[in-house]
Amino acid sequence: MRIVLFGPPGAGKGTQSELLAERHGLWHITTGGLLRAAIEAETPLGVEAKRYINEGHLVPGPLVRQLAEKAMSSHGMDDFILDGYPRTIEQAHWLTEFLDERGAPLDAVISLHVPEEVIIERLSRRRVHKETGENYHLDFRPPPSDVDPALIVQRADDKPEAIRERLRVYECETQPVEEYYSEAACFYSVDGTGSIDEIAARVEAVIQQAA
Ligand code: AMP
């Protein structure tokens, strides 16, 4: 299956992608995660991407496309979940063309809907494992006690100023992507509020329908 998990920052795309990937044996392709790995490794791409990410801006399209293309191709153009891609109309057009040319259309575009106040609360309480990239929430999904607390950090772009900027960017640049997909037969809108398990059950119901 080829799936796009779509939604604003803090909608739960990362958490739900991880769970979905585990349940169905899919590759979790997160462009944000790939960019953070490039930053950590201080590759030329990472060095260039860092200033955009930390300020809450989108990384220029060609840089992210490179990562997305490589990840999809190296996984045989199948059995993947795209988390955080596409994020602009240009990226959505490119993705459609890229997949069509390879006879590999999307099976599902799942859009998670979450009100803004919930997003802000989730992002400001989010923490991430520096090495594995695993997401936690200080109240609802605290890091296990056997994990070294020094490895649990707050993302630079989860600070209040960057959160505000990311939400603004989402509204201007990414929201239109939902409209782009909304007429497609493979588009599903899912309520992204409630517990992780409740949301996972809704996502799973959609996957059963799409399969
Ligand atoms: P995420 O982990 O999905 O919240 O992504 C973190 C950050 O990485 C975003 O705020 C952007 O700066 C950058 N990023 C991730 N995916 C993309 C994309 N498809 N296009 C542009 N920038 C991206």
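Below or above, wherever it landed, is the structure these notes cover. Because the structure is predicted, anything quoted here is derived from the model rather than measured.

Now for a negative patch on the surface. On the surface, Glu-40, Glu-42, Glu-131 and Asp-148 cluster together into a patch of negative charge. Along the chain, Glu-40 falls in helix H2 (residues 31–40).

Below, the discussion takes up helix H4 (residues 61–74). The end-to-end C-alpha separation of H4 is 20 Å, in line with the 20 Å expected for 14 residues at 1.5 Å each. Among all positions in H4, only Leu-63, Val-64, Leu-67, Ala-68, Ala-71 and Met-72 are buried. The buried residues of H4 occupy one face: seen down the axis, they fall within an arc of 155°. Residues of H4 that are exposed and angled more than 90 degrees away from the buried face: Pro-62, Lys-70 and Ser-74.

Taking burial as the measure, the five residues of strand E1 (residues 2–6) include five buried ones, the bulk of the element. Relative to strand E3 (residues 80–83), E1 runs parallel, the two sharing four bridges. Paired with Leu-5 across the two strands is Asp-83, which belongs to E3. Where E1 and strand E4 (residues 108–113) come together, four bridges link them in parallel fashion. Paired with Leu-5 across the two strands is Ile-110, which belongs to E4.

The next point concerns the sheet that holds E1. Spatially, five strands are ordered E2-E3-E1-E4-E8 in an open sheet, and the strand pairing comes out parallel. Every interior strand has two partners, whereas the edge strands, strand E2 (27–30) and strand E8 (187–191), have only one. Averaged over all neighbouring strand pairs, the angle between strand axes comes to 20°, with direction disregarded. Strand direction decides the pairing type here: E4 and E8, joined by five bridges, are parallel. Note that in E8 the partner of His-113 across the bridge is Asp-191. Where helix H1 (residues 13–24) meets the sheet, its contacts fall on E1, E2, E3 and E4, and the angle it forms with E3 comes to roughly 175°.

With that settled, consider the packing of H2 against H4. Viewed as axis vectors pointing N to C, H2 and H4 meet at an angle of 110°, and their least axial separation amounts to 10 Å. Between H2 and H4, the angle falls in the class roughly perpendicular. Contact with H2, carried on its side by Thr-31, Leu-34 and Leu-35, involves Val-64, Leu-67, Ala-68 and Ala-71 of H4 and no other residues of that element. Of the residues belonging to the contact of H2 with H4, the class tally is six nonpolar, one polar and no charged.

The subject of this paragraph is the nonpolar core. Within the largest apolar cluster, 33 residues are counted, with the highest numbers of intra-cluster contacts made by Leu-35, Met-72, Leu-82, Leu-95, Leu-99 and Tyr-181. Looking at this core, the elements that each hand over two or more residues are E1, H2, helix H3 (44–54), H4, E3, helix H5 (89–101) and helix H7 (160–182). For this core, the leading source of residues is H4, giving six residues. Contacts of Tyr-181, omitting those with residues within four sequence positions, involve Pro-86, Ala-92, Leu-95, Leu-106, Val-109 and Phe-187.

Definitions and limits used
Residues numbered from 1 in each chain as written. Predicted model: local features only at pLDDT ≥ 70, side-chain atom pairs only at ≥ 80, totals over all residues. Heavy atoms only, no water. Patch = residues over 30% accessible without salt bridge, like charges linked within 9 Å, V, L, I, M, F, W, Y side chains within 5 Å. Areas by Shrake-Rupley, 256 points an atom, 1.4 Å probe, with all protein chains shown as cover. Salt bridge = Lys/Arg side-chain N within 4 Å of Asp/Glu carboxyl O. Lys, Arg positive; Asp, Glu negative; His and termini not counted. Charge placed at Lys NZ, Arg CZ, Asp CG, Glu CD. Helix = DSSP H or I, 4+ residues; strand = E, 2+ residues; numbered from the N terminus. Expected span 1.5 Å × (residues − 1). Buried < 20%, exposed > 50% of the residue type's maximum accessible area, 1.4 Å probe, protein only. Arc of directions from axis to C-beta. Pairing = 2+ DSSP bridges. Axes fitted to C-alpha atoms, helices over the stretch in contact; angles between N-to-C directions. Contact = heavy atoms within 4.5 Å. Parallel < 35°, antiparallel > 145°, perpendicular 65-115°, else oblique. Nonpolar A, V, L, I, M, F, W, Y, C, P; charged D, E, K, R; others polar. Core = buried A, V, L, I, M, F, W, Y, C linked by side-chain atoms within 4.5 Å.

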